[in-house]
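# Survey of secondary and tertiary structure
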Protein chains: 4
Amino acid sequence: MKATRKVRVGDVTFGGSTLVVIAGPCAVESREQLELAAASVKASGAHLLRGGAHKPRTSPRTFQGLGSEGVDLLAEAGRRHGLPIVSEVMDSAQLAQMAERVDLLQVGARNMQNFSLLKELSRIRRPVLLKRGLAATVDEWLHAADYLLDGGNENVILCERGIRTFGGETRFTLDLAAVAYVRSRCDLPVVVDPSHATGLRELVTPMALAAAAAGADGLMVEVHPHPEQALCDGPQALTPVGFEQLMQRLQPVALAVGRSVSFTGARAVPVPAILEAR
Amino acid sequence: MKATRKVRVGDVTFGGSTLVVIAGPCAVESREQLELAAASVKASGAHLLRGGAHKPRTSPRTFQGLGSEGVDLLAEAGRRHGLPIVSEVMDSAQLAQMAERVDLLQVGARNMQNFSLLKELSRIRRPVLLKRGLAATVDEWLHAADYLLDGGNENVILCERGIRTFGGETRFTLDLAAVAYVRSRCDLPVVVDPSHATGLRELVTPMALAAAAAGADGLMVEVHPHPEQALCDGPQALTPVGFEQLMQRLQPVALAVGRSVSFTGARAVPVPAILEAR
Amino acid sequence: MKATRKVRVGDVTFGGSTLVVIAGPCAVESREQLELAAASVKASGAHLLRGGAHKPRTSPRTFQGLGSEGVDLLAEAGRRHGLPIVSEVMDSAQLAQMAERVDLLQVGARNMQNFSLLKELSRIRRPVLLKRGLAATVDEWLHAADYLLDGGNENVILCERGIRTFGGETRFTLDLAAVAYVRSRCDLPVVVDPSHATGLRELVTPMALAAAAAGADGLMVEVHPHPEQALCDGPQALTPVGFEQLMQRLQPVALAVGRSVSFTGARAVPVPAILEAR
Amino acid sequence: MKATRKVRVGDVTFGGSTLVVIAGPCAVESREQLELAAASVKASGAHLLRGGAHKPRTSPRTFQGLGSEGVDLLAEAGRRHGLPIVSEVMDSAQLAQMAERVDLLQVGARNMQNFSLLKELSRIRRPVLLKRGLAATVDEWLHAADYLLDGGNENVILCERGIRTFGGETRFTLDLAAVAYVRSRCDLPVVVDPSHATGLRELVTPMALAAAAAGADGLMVEVHPHPEQALCDGPQALTPVGFEQLMQRLQPVALAVGRSVSFTGARAVPVPAILEAR
C-alpha cells in the first residue's frame, strides 16, 4: 500500500484525509438549473461542482450539451458558490478553452483509450480526472494514466464508474474491488461515481457509503434540482434532499475509516449530532 | 425497502441489527487445522464456522474434500466452540446426513440453478444459504430462491460472491450494488463473501467494510491457520491475525450504518477503544 | 489438431465425416406436437430427435416439463421415425429411467458443474452431450468433461450454446472460436446450438452455417410445428419450413468444409441440384 | 433483411457479390516488411492492403507506429501492387494528411465512441471502416455509425472484431451473430476481423470461414512476412503461406453462400480445381 499522491484542485486536495465530494448535474442545461444545483450541493457540503457541457451521447439525435456556453455557465456558478468545477473534455479543439476555465478536466469512460487526447492532456498542468473505460481492466486503466504521467502531467485522479457486465438490473457493475486494487498498485487518488455505475437513484447512497468504506478518496454524484425534467440521465440523479441525506449518512462511514467529510457549507453538521441521529 | 426477514441459525439471527460474520477455512482438511481455525475465529468474534467437506472442484484431479468425515469434524469443532456450522451440500444423496448435522446448508454458486437440489431443500426446515451463480442476474437469483420459498422453506439467506466479468485482476467482480438492489426488491437477508469474490487476501478487508456499508446483513470470510498450506484457495484466505484486524476495522463501519458486530468472543473490544485506535 | 473421437448414438456417428443434425422442440408438450415435429425434422434430414421432458426453468412458476411421461412420448416418436433421441437429465433420481430410454443424455448449461451428476453419468455407458455453462471458460468445460472421462464414460460430446456477455440484442453470445479452440485441444466432437445461443429465429440459420464452416461436428436446432404456441422458447424455434430451408442451405456449406449432411429423409436432395439452386 | 448498401473503395466494392478481403500487417514497420506483405497478399487474392501507421497502444511505453512516414510507406506499397489501402486514423490532427492518401479510413475499437472524431469523419467523403467497440452493443455501434451517416458521409463499412467477455482462451470473443443481426437491421456492409478477435493464429482461418458463412461482406486479416519478428500482435498474424491456405479454403465456403472471392492475383485458382482438391 503506497501513500496516496496528493492532487490539488483549487483549494481542494484529493488523496488526503478528506473524502472529497464532487456533485452536480449530468449536463449543464440552463443558468437556473445550475444555480439551484450549485447552491444545494454547496449547502450540503460538496467540495466541487460538476456539469457536462460537451456531452458524449450514444446517439447523435439526442441532446449534445450546451458546449462552450455550458462551460461559461458552469464557471460562473462555480465562482458564485466558491466551488472548483469539473467538466468533460472530448477533444483537442475544446481543450484550449476548457483548460482555462475548468479546474479539473474529466476524460470520459468512452475516451479512456483516446490516446491522442491523453497525449495532449499530458502536456498541460490542469489536473485530469480519468474515468475507467467500461470494458477496461485495471491494468489498462493504469496504462492510460501512464500516457498522462509519462507526458509530464502528474495531477491525475482516477475515477471508477462501473464496468459493463451481463447484469441487467443496474446500468453498469460498480467494481469497488478495483479501488482497493488500485490502492495497492499505485499512488493515484481514486474517486467513485455511484450514479453512472448503478443508473438507479435508490442505489446511489448505499454505493457511496460502500465506496467510502472501500477506501475511495472521493465521490462523484449526480444531483439535479428536478431529476424528472433532466435532459440526460434523470433516473440516476439525486434530488437536493436526497443528496443532503447521502451526505448525512456518509459522515459517520467516512469517520469509521479514518476520513472526514470536511463540510464547507452552512449546514455542516458536527459529528456528535450525526452519531446521535443514527 | 422492505423490512428484512429474520432467519435464525442456532442462536444467531440473520437480518437483525447484528452484522453476522461467518468465518473458517475453504475446506475441512484435518482436526488440527479446524481446531486452530475455529478457536481463532471464535476469539475474534465470528458467529458461525464455515468449512467445506464436499467440494465442487473444477477438475476431478484436485482435492475433492473429506466428505462425510469432514462434516463430522466440522460439527465437532462447532460444538466445541459454540459456533453453528455452515457447509455446502452438493446433491440429494448427501442431504439426509448433512441436514442433521449442519446448521446452515450452503448451495454453491455452481449449483444455484440445480433446480432438483433446490426442490429437495425446499422440503426441509434447515436454513439455506443460496450463493449467487457466477453469471446469474439478480432476478435469476431471486427466482432460484423462489424454488426454496415456494416449496415451503422460508429460511433462505442470499449470498453475493462475485460475478464473472472480463476483469483479470480479481477472481470475480464483487457486485455490491446487488446487495442494495436485493434489499429494495425482497425481504431476504443478504450475506457477502469477499474472499471468493476477489481471490486476493489484501482485498478481503476493504471489501468486507464496503459490504457492511452497502447494507449487507452478514459476511462470509475464509480464514485458515496456515494459508500457504491450504489445499484449496489459499491466496484468498486470511490468517487468524488478518481476520482479527478485519473484525477490528469492521466494528466502527458497522456502527456507522446502524449495525453492531456483537462480539461473542473473549477478545471483544469495547467500541470507544476501537474508535480511539483509528 | 487431433483426430476427432467417434461417438456413436444409435446408428449415428458424431465426429465422422457427416455433419450430424439434432432437431426437435425445446419441450415435449404433447403426442401431437411431437409427431408433427418428428415427422418434419426427419423429412428434412435430421439425424436425431431432441425434446425436453424435465425442464430446468428459471422460475418455479413456469412450465416444468411433462417429466417421465414426456420421456415416454419422446421415445415413442423416436421409434416411429427411426430417430435416436436426445433429452436432458437433471438429477440422479431421473437417471435410471432416462438411461434406459434416451439415446443421448444431455447435461444442461446450468448443470455443467453439477459434479455429483457428472460423476453418476461417468459410471454409465450412455453417451452424454455436455453443454457449456453460460459463464464457463473452455478450460472449465473440458475439466467438466474430465469428470465423465475419468470416471469411465468415454462417449462424450460437447455442445457450445452461447455464453453470457453484456450484449443485449441476442440471448447469449455464440462463441464459435471455442469450437475451433476445442478442436485444437482435445479429441471430443463438438456440436453447436444456434437456437439457445441467439434466441432469435432469424439468426439460427446464419449461425448454423457459420458453425458448420467453423468445423463443428454437429448442430442442435429447435423446431416446433407451431412456434407461436410453444410453451417454452418459441421465439427461437424454427418452423418445419424454416428448418427445411436451413438444411438446404447447410448442405453446400458442409460440403465446402469437407463434410456431408447425409440426408436420411424422403426429401433428400442430391448435391448437384442444390448447387444449381444456389 | 435489407439489400446491402454498396460502398466503393478504389475499384473494390463492399456489399456486392464479392467477399472482399483486406490483408496486411498490424503495423507498418519498414519498406521491406511491407513489400513482402503486400506482394504476398496480392498474390493470394487480397483486395486491399492494411497496415497501421498511428497505433493506439495500451501502454505509452510500447511501439507507437511510424506515424506519417508509415502512411507514406503504405501508400507506396498499395500503388506498387494495385491495392487500395486501409489505415487507422486516431485524431483530427492526422485526418487531413490521411484523408488524402488512405483509401479507407479505419476508426479503431477504442475510438468507436470518440464522437468528436466521428463528427469530423462525417464531413469528408472518404469511406470509413468503423470497428465495433470492445464493449459496445450492436445498437451502440449502429448509433456510432449514425454520427457518420447523419453528418453526411454515407460510405460506412462496419467491422466486427470481437467483444470483451470473461473468456480467457481467446483475446476477445468473436460475435458472429452480430453480423447476421446487423444484416437484419440496417444496410451497411459488415466486415469481420478474425485476427484481433481471437488473437491466435490457428483460429483465424476457421473464424474467417465462419464469418463468410454467417454472411459477412468481407474479412480483415493480419498477415506478416515474419510473425515472430512482428513489433505488434505477432501471435495472431498469419504467414504468407497461412494466408494463401486461408484463401484456398475460403473460396468454396464463399461460393456455398452465394459469394465469390474474385481472385485478382496471379495464383487465382479456378473453382473446379478447388472443389476437386477438397
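Residues numbered from 1 in each chain as written. Chains lettered and ligands numbered in written order. Predicted model: local features only at pLDDT ≥ 70, side-chain atom pairs only at ≥ 80, totals over all residues. Heavy atoms only, no water.

Attention shifts here to the interface of chain D and chain C. Residue-level contacts link 38 residues of chain D with 38 residues of chain C. Around 2800 Å² of area is buried between chain D and chain C when both sides are counted, 72% of it from carbon and sulfur atoms. Ranking the residues of chain D by area buried against chain C places Phe166(D), Glu169(D) and Ala256(D) at the top, with a combined share of 23%. Here chain D is connected to chain C by four residue pairs in polar contact (both at pLDDT 80 or more). Counting only elements with at least two residues in the side of chain D that touches chain C, the list comes to helix H5 (138–150), helix H6 (176–185), helix H8 (201–214) and helix H9 (240–256) of chain D. By residue number, the principal contributor to the side of chain D that touches chain C is H8(D), which donates eight residues. (Contact = heavy atoms within 4.5 Å. Buried area = accessible area lost by both parts, 1.4 Å probe. Polar contact = N/O pair within 3.5 Å; in protein donor to acceptor, adjacent residues only side chain to side chain. Helix = DSSP H or I, 4+ residues; strand = E, 2+ residues; numbered from the N terminus.)

Attention now moves to helix H3 (residues 92–101) of chain D. Within H3(D) the residues assigned to the buried category are Gln94(D), Leu95(D), Met98(D) and Ala99(D). One side of H3(D) carries all its buried residues, which in axial view fall inside an arc of 125°. In H3(D), those exposed residues whose orientation departs by more than 90 degrees from the buried face are Ala93(D), Ala96(D) and Glu100(D). Close packing links the buried residues of H3(D) with helix H4 (115–122) of chain A together with helix H2 (68–81), strand S5 (85–88), strand S6 (104–107) and helix H4 (115–122) of chain D. Near the N-terminus of H3(D), the side chain that reaches the backbone nitrogen of Ala93(D), with its oxygen 2.9 Å away, is that of Asp91(D). (Buried < 20%, exposed > 50% of the residue type's maximum accessible area, 1.4 Å probe, protein only. Arc of directions from axis to C-beta.)

Turning our eyes to something else, we now look at the relation of the copies chain D and chain C. Least-squares fitting of chain D to chain C yields an RMSD of 0.0 Å, with the transformation described by 0.0 Å of translation along the axis and a rotation of 180°. Taken together, the rotation angle and the small translation identify this as a two-fold axis. Identified as the residue of chain D closest to the rotation axis by C-alpha distance is Ala210(D), at 2.1 Å. Looking at the interface residues of chain D, 100% of them are also at the interface in chain C, so both copies use one shared face. (Least-squares fit on C-alpha atoms with pLDDT ≥ 70 in both.)

Further remarks concern the interface of chain A and chain B. Across the boundary between the two partners, chain A contributes 38 residues, which contact 38 residues of chain B. A buried area of about 2800 Å², summed over both sides, lies between chain A and chain B, and 72% of it is on carbon and sulfur atoms. On the chain A side of the contact with chain B, Phe166(A), Glu169(A) and Ala256(A) bury the most area, a combined 23% of that side's loss. Between chain A and chain B we count zero salt bridges in total. (Salt bridge = Lys/Arg side-chain N within 4 Å of Asp/Glu carboxyl O.)

Attention shifts here to the sheet that holds strand S8 (residues 156–160) of chain A. Residue and element names in this part refer to chain A. A barrel is described by the order of its strands in space; here eight strands give the closed sequence S3-S4-S5-S6-S7-S8-S9-S10, paired in parallel fashion. Adjacent strand axes in the sheet meet at a mean angle of 25° when their direction is disregarded. Of the pairings in the sheet, the one linking strand S5 (residues 85–88) to strand S6 (residues 104–107) comprises three bridges and is parallel in character. Within the sheet, the bridge partner assigned to Glu88 lies in S6 and is Gln106. Those strands touched by helix H2 (residues 68–81) are strand S4 (48–50) and S5, and its axis lies near 165° from that of S5. Packed onto the sheet, helix H5 (residues 138–151) meets strand S7 (128–131), S8 and strand S9 (190–192) and runs at close to 155° relative to S8. (Pairing = 2+ DSSP bridges. Axes fitted to C-alpha atoms, helices over the stretch in contact; angles between N-to-C directions.)

All right, on to the relation of the copies chain A and chain B then. Of the transformation superimposing chain A on chain B, the axial component is 0.0 Å and the angular component is 180°, with the fit at an RMSD of 0.0 Å. The residues that chain A uses at the interface reappear at the interface of chain B in 100% of cases, marking a shared surface.

Once that is clear, we can look at unusual backbone geometry. Notably, Asp233(A) is not glycine yet its phi reads approximately 60°, a positive angle. Mapping Asp233(A) onto the fold places it in the loop between strand S10 (218–222) and helix H9 (240–256).

Residue and element names in this part refer to chain B. Among the structural elements, Leu73 can be located in helix H2 (residues 68–81). When the C-alpha positions of Leu73 and Glu169 are compared, they lie 35 Å apart, and in sequence the two are 96 residues distant. Excluding anything up to four places from it in sequence, Leu73 contacts Val28, Ser30, Arg31, Leu34 and Leu66.

This next bit is on the sheet that holds strand S7 (residues 128–131) of chain C. All names here are of chain C. The parallel closed barrel is built from eight strands, whose spatial order is S3-S4-S5-S6-S7-S8-S9-S10. Strand-to-strand twist across the sheet, computed as the mean angle between neighbouring axes with direction ignored, equals 25°. Judged from the four bridges that link them, S7 and strand S8 (residues 156–160) form a sheet pairing that is parallel. Within S8, the position partnered with Lys131 by the bridge is Cys159. On top of the sheet, helix H9 (residues 240–256) reaches strand S3 (20–24) and strand S10 (218–222); it is set at about 170° to S3, its chief contact.

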